[in-house]
Amino acid sequence: MSDVLLRVDGLTKLYGDTVTGCREVGFEMSSGEVLGIVGESGSGKTTLLNCISGRLAPSAGTVEFDTRTRGLIDIYALSEPERRMLARTDWGFVHQNPRDGLRMDVSAGANVGERLMAVGARHYGGIRGQAQDWMAKVELDLDRIDDRPATYSGGMQQRLQIARNLVTGPRLVFMDEPTGGLDVSVQARLLDLLRGLVRRLGIAVVLVTHDLAVARLLADRLMVMRHGRVVETGLTDQVLDDPQHPYTQLLVSSVLQV
Ligand SMILES: Nc1ncnc2c1ncn2[C@@H]1O[C@H](COP(=O)(O)OP(=O)(O)OP(=O)(O)O)[C@@H](O)[C@H]1O
C-alpha cells in the first residue's frame, strides 16, 4: 500500500517561451510530512507552490493528490469546480500577506466561520463555537471575535489566517513565507504556534521560505531550488548541517555569516 499524499512528476512551468519558472521538478510527500522549499529570490519556489496547489497550470508534468474518495488523481485532470472543491475540503493556503488570505471587511469570527459554511456547515451555534475554539487555538483574544481583521496587528492577522485555513481539517496546507514581513519576536511566537499545531494535527505542509531558520524549525525535509530546478533534497538537518551541492553550501554559509 502506498502512503503517498502528493506526487509531483516532471513539473515544468515556463513563462512565455523563454523564462523558466520551474523545470522538471519531481517529489513525493506522505501524510503529516512538512516539506520545506528553499532557495534565493527568483529560484522558482512560488511558481512551484502555485503549480502544485492548483493555482497555476503547469506547462508540463503532473501533480497527483490522494483524494479521500478516488485515490491518487491528477489535479489538472479535474474540472475547475472539482479542483475548487478539493481545495476547500482538503487543502489550505497560507499567504505571506494575510490580506491575500483573509476577508478584511467581515469580522474575524466570520472569516473562520465562512470556511465551515463553504464545506456545508449550517448550524450557527456550532459554527460560532468552532470559530471560537480556533481563535483560542491560535491564541487570539475571544473578545475580538466580532472585530474586523483590519483592526488586528500583522501577527494577529496571520494567526487568524491560520485559523481560517485549519478550521476545516485540511490534510495538506501550502504556506508561502508564512512568517515573512513580521518582526522577529512576533515571528518566533508564530513559528512556535505553527509547529505545535502542525504536529498535533498531523497536517502535511509544503512550506516555501527563503529563511533557513524557519525551514530548520518547521520542515522535516528540504528541497533546495536554483534557477527553477531542484539541486538538493534530504532531511532538513542533513541538508543544513552537511550540504552537498555547492549552491546549498553557499546558501547555508551566507546565512551563518549573518
Ligand atoms: N508572472 C510571471 N511572468 C513572467 N515571469 C515570471 C512570473 N512569475 C515568476 N516569473 C519568473 O520565474 C522565475 C521564478 O520566480 P518565482 O517567483 O517562482 O521565484 P521565487 O523563488 O518564489 O522568488 P521570490 O522568493 O522572490 O518570490 C523568475 O525568473 C521570475 O522572474
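Residues numbered from 1 in each chain as written. Predicted model: local features only at pLDDT ≥ 70, side-chain atom pairs only at ≥ 80, totals over all residues. Heavy atoms only, no water.

### Comments concerning the sheet that holds strand S6 (residues 91-94)
No. 1: Strand order in the open sheet formed by 6 strands is S6-S7-S8-S3-S9-S10, with mixed pairing between adjacent strands. The sheet is open, and its two edges are formed by S6 and strand S10 (229-235), each paired on a single side. Pairwise comparison of adjacent strand axes, ignoring direction, gives a mean angle of 15° for this sheet.
No. 2: Against the sheet, helix H2 (residues 80-90) touches S6 and strand S7 (172-176), its axis set at about 80° to S6. (Pairing = 2+ DSSP bridges. Helix = DSSP H or I, 4+ residues; strand = E, 2+ residues; numbered from the N terminus. Axes fitted to C-alpha atoms, helices over the stretch in contact; angles between N-to-C directions. Contact = heavy atoms within 4.5 Å.)

### Looking at helix H1 (residues 45-52)
No. 1: When you tally the buried positions in H1, you get 7 out of 8 residues, the bulk of the element.
No. 2: After H1 finishes, the residue Gly54 shows a positive phi value of roughly 80°. (Buried < 20%, exposed > 50% of the residue type's maximum accessible area, 1.4 Å probe, protein only.)

### Concerning the UniProt feature "domain: ABC transporter" (unreviewed entry) in the chain
No. 1: Here the UniProt-annotated "domain: ABC transporter" (unreviewed entry) positions come out as residues 6-252.
No. 2: Here residues 6-252 runs as 38% helix and 27% strand, with 28 Å between its end C-alpha atoms. (UniProt positions renumbered as here; feature names shortened; annotations may be inferred.)

### Some remarks on the pattern of salt bridges
No. 1: A full pass over the atoms with the stated rule returns 17 salt bridges.
No. 2: Close ionic contact of Arg195 with Asp192 constitutes a salt bridge, the shortest N to O distance being 4.0 Å. Taken together, the residues span about one helical turn, with Arg195 and Asp192 both in helix H6 (residues 184-201) at a distance of 3 residues.
No. 3: Salt bridges here are not isolated pairs; linked through shared partners, they connect Arg7, Glu28 and Glu64. (Salt bridge = Lys/Arg side-chain N within 4 Å of Asp/Glu carboxyl O.)

### Structural notes on the nonpolar core
In a soluble, globular protein the nonpolar side chains are often hidden away together inside.
No. 1: Among the nonpolar cores identified, the biggest contains 46 residues, and Trp134, Val138, Ile162 and Met175 are the most heavily contacted of them.
No. 2: The greatest single-element share of this core, amounting to 6 residues, is contributed by H6.
No. 3: If near-sequence neighbours (up to four positions away) are discounted, Val138 is found in contact with Arg159, Ile162, Ala163, Leu193 and Leu197.
No. 4: Residues Val25, Leu49, Ile52 and Leu86 belong to the second largest nonpolar core, which totals 29 residues. (Core = buried A, V, L, I, M, F, W, Y, C linked by side-chain atoms within 4.5 Å.)

### Quick word on the packing of aromatic side chains
No. 1: All told, the structure shown has 3 aromatic pairs when counted by the stated rule.
No. 2: When the ring of Phe65 is compared with that of Trp91, the centres are 5.5 Å apart and the planes differ by 90°; the resulting orientation is edge-to-face. In this pair, Phe65 is assigned in strand S4 (residues 60-67) and Trp91 in strand S6, connecting sequence segments 26 residues apart.
No. 3: A relative accessible area of 0% means that Phe65 is categorised as buried.
No. 4: The exposure class assigned to Trp91 is buried, which follows from its relative accessible area of 2%.
No. 5: Ring geometry for Phe93 and Phe174: centres 6.2 Å apart, planes at 35°, overall tilted. (Phe/Tyr/Trp six-rings, centres within 6.5 Å; stacked < 30°, edge-to-face > 60°.)

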